[in-house]
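Report on the structure
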Amino acid sequence: MRRTLALLALAGTSMIALAFLVPLGIIVKETAHNRALSAAERQASALVPVLAITLDPARLPHALASSGARDRIAVHLPDGGTVGTVRAPASVVAVISRRTRAETVEIDTGYLLLRPVALDGGRTVVVEVFVPAGELTRGVAQAWAVLAGLAVVLVAGSVLVADRLGARVVRATRRLGRAAGALGSGDLSVRIRPEGPPELVTAAEAFNTMADRVVQLLAAEREMAADLSHRLRTPLAALRLSLGHLGPEAEPSRHSLARLEAEVDQIIAAARAPSRAPEAVSCDAAEVLRERLTFWSALAEDQQRPWELIGADAPVRVPVPAGELSAVVDALLGNVFRHTPEGTAFTVTLHQGAGTVGLLIADAGPGIPDPAAALRRGASGAGSTGLGLDIARRLAESSGGDLRIDSSSLGGARIQLWFRTEQRARAPRAARRLVGGRWSRRGAVR
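Residues numbered from 1 in each chain as written. Predicted model: local features only at pLDDT ≥ 70, side-chain atom pairs only at ≥ 80, totals over all residues. Heavy atoms only, no water.

1. So, the nonpolar core
Counting 35 residues, the largest nonpolar core has Leu 325 and Leu 417 as its most contacted members. Counting only elements with at least two residues in this core, the list comes to α9 (285–302), α10 (322–339), β9 (346–352), β10 (356–363), α12 (387–398), β11 (402–407) and β12 (413–420). Residues within four places of Leu 325 in sequence aside, it is in contact with Cys 283, Ala 285, Val 288, Val 318, Val 320, Leu 359, Leu 395 and Phe 419. If you look at the next biggest cluster of nonpolar residues, it comprises 23 residues, including Leu 37, Ala 63, Ile 73 and Val 131. (Core = buried A, V, L, I, M, F, W, Y, C linked by side-chain atoms within 4.5 Å. Buried < 20%, exposed > 50% of the residue type's maximum accessible area, 1.4 Å probe, protein only. Helix = DSSP H or I, 4+ residues; strand = E, 2+ residues; numbered from the N terminus. Contact = heavy atoms within 4.5 Å.)

Here is the structure:
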């Protein structure tokens, strides 16, 4: 922006300077030319009274010397004689003698002013004054240098002023951009001091107002989440007491209850914690899958569901927290148990590709008739809110990946959850993605 403003000022001021200084320079040159010829005219006119008195060649040299022209003035007498340094051809003098006004003749070294002087008896004397070329341009070079210096000063001054104004605008704009980036990164305490042009001052004030409003909304949301989570403790405590009266066969239920209480406590702690910029986290997806499949295997055995975990033998890092990935795996497996008949087989596959990691959950159930509707909360049907798939999608998109739904080789639905593991700048993603297609050549694991 500063360079653009400086170039605009340079172009504008240069055009203005040229529009005024070029004609002014021409006028200076013409003025010097006219001044030299006017001086020659005055020198010729000074001889007219002398010529009216005498034409004696012996007395005229003194008059010529007193005119101030010295060796640049001459007199052409009526009888053909001359006095002084003659430069004009005789033919030109003869022509001028028949005229009534002075004429200028250009020669190689300058100009000749030839003035006819009519005397009594029909006689005519021609006064010749030589004007050197240097006299015609005396002072022009100095005047042009002054004008050029003035133009340079004007252009430099305008560029400097434009650069200072541009620097003020750029500084305020960069500060606003840095603050917006910091706010987008999670620093909710960032504020900026409004300065610069009125438009940027208004933008800075609007940014500060927006940041304050975001802080208020997040604080209210955290309080509401903490309050709702806290209310869950009472029914959980009652459920714990009820399970306490049961025998060893209720041990899996007590384990699930303990995990649920830990999740509630974690939600309350996260909601009460002050907001800060998110930190880079990652986890071993293979370890998370092995742990969660161990938990769900008991229910799968009770319902006589064949299942298989593929590709979770070696560690596979994904850029998401382990707790969130566990919750997503539980939600997706819960959908399998909830929406497919007992005895329906399912497979969980962990696929590692170039810069991506895929988590694929396939079942042999009836499938999903409308994959796009399944990703919308409250529109997936069968008593489901679609929240589990929405949470899974948002977790994948947080790493630059996405979630897709298609048909599995088992005959039912396949949920493809892809995470991007390579660190590179990502373009903003749409809030919803069209599902049903293939992710890439590595997307179909059979």
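2. Quick notes on the packing of α9 against α10
One way to put it is that α9 packs onto α10 with a least axis distance of 10 Å and a crossing angle of 35°. Of the two elements, α9 crosses α10, and the hand of that crossing is right-handed. When α9 is examined against α10, the residues Ala 285, Val 288, Leu 289, Arg 292, Leu 293, Trp 296, Leu 299 and Ala 300 are found in contact with a partner set consisting of Ala 322, Leu 325, Ser 326, Val 329, Asp 330, Leu 333, Gly 334 and Phe 337. Grouping the constituent residues of the contact of α9 with α10 by class yields 12 nonpolar, 2 polar and 2 charged. (Axes fitted to C-alpha atoms, helices over the stretch in contact; angles between N-to-C directions. Left-handed = near helix turned anticlockwise from the far one by under 90°. Nonpolar A, V, L, I, M, F, W, Y, C, P; charged D, E, K, R; others polar.)

3. Here we look at the pairing of strand β4 (residues 110–118)
The side chains of a regular strand alternate between both faces of the sheet. Note: strand β3 (residues 103–107) against β4, 5 bridges, orientation antiparallel. Looking at β4, one finds that Ile 107 is bridged to Gly 110. Turn length for the β3-β4 hairpin, with the two strands adjacent in sequence and antiparallel, is 2 residues. In the sheet, β4 pairs with strand β5 (residues 124–132) via 9 bridges, with the strands oriented antiparallel. Counted as the bridge partner of Ala 118 is Thr 124 from β5. Connecting β4 to the antiparallel partner β5 that follows it, the hairpin turn spans 5 residues, and Gly 121 within it adopts a positive phi of roughly 80°. (Pairing = 2+ DSSP bridges.)

4. A short note on the packing of helix α1 (residues 2–53) against helix α5 (residues 140–184)
Relative to each other, α1 and α5 sit at 165°, their axes nearing to 8 Å. By the angle class used here, α1 and α5 are roughly antiparallel. The two elements α1 and α5 meet at a crossing, and its hand is right-handed. Its residues placed into classes, the contact of α1 with α5 shows 20 nonpolar, 5 polar and 4 charged. (Parallel < 35°, antiparallel > 145°, perpendicular 65-115°, else oblique.)

5. Remarks on the environment of Ala 156
If you trace the backbone, Ala 156 turns up in helix α5. The exposure class of Ala 156 is partly exposed, given its relative accessible area of 44%. As a C-alpha pair, Ala 156 and Leu 10 span 146 residues in sequence and 7.7 Å in three-dimensional space.

6. Observations regarding the UniProt feature "transmembrane region" (unreviewed entry) in the chain
The feature "transmembrane region" (unreviewed entry), as given by UniProt, occupies residues 143–162 in the numbering adopted here. Between the end C-alpha atoms of residues 143–162 there is a gap of 28 Å, over a span that is 100% helix and 0% strand. (UniProt positions renumbered as here; feature names shortened; annotations may be inferred.)

7. Here we look at the sheet that holds β5
Strands pair in a sheet through their backbones, by hydrogen bonds, and they do so in one of two ways: parallel or antiparallel. What the 5 strands build is an open sheet, ordered β2-β1-β5-β4-β3; its pairing is antiparallel. Of all the strands in the sheet, just β2 (82–84) and β3 have a single pairing partner and so form its edges. Sheet twist, expressed as the average angle between the axes of neighbouring strands with direction ignored, equals 20°. The strands touched by α1 within the sheet are β1 (73–76), β3, β4 and β5, with β4 carrying the most contacts at an inclination of about 30°.

8. A word on the sheet that holds β11
Pairing is mixed across the open sheet formed by 5 strands, whose spatial order is β7-β9-β10-β12-β11. Looking along the sheet, the strands with just one partner apiece sit at the ends: β7 (307–310) and β11. Between one strand and the next, the sheet's axes are offset by a mean angle of 15°, whatever the strand orientation. Relative to β10, β9 runs antiparallel, the two being bridged by 7 bridges.

9. Points about the packing of aromatic side chains
Throughout the structure, instances matching the rule amount to 3 aromatic pairs. Ring centres of Phe 295 and Trp 296 lie 5.6 Å apart, and the angle between their planes is 85°; on these two criteria the pair is classed as edge-to-face. Overall, the relative accessible area of 13% leaves Trp 296 in the buried class. In this structure an aromatic cluster arises from ring pairing among Phe 295, Trp 296, Phe 337 and Phe 346. (Phe/Tyr/Trp six-rings, centres within 6.5 Å; stacked < 30°, edge-to-face > 60°.)

10. Things to note about the pattern of salt bridges
With the rule as written, the count across this model stands at 16 salt bridges. Its salt-bridge partner being Arg 292, residue Glu 291 comes within 3.9 Å of it at the nearest N-O pair. For Arg 292, a relative accessible area of 2% translates into the label buried. Linked by salt bridges that have partners in common, Asp 390, Arg 393, Arg 394 and Glu 397 make up one network. (Salt bridge = Lys/Arg side-chain N within 4 Å of Asp/Glu carboxyl O.)

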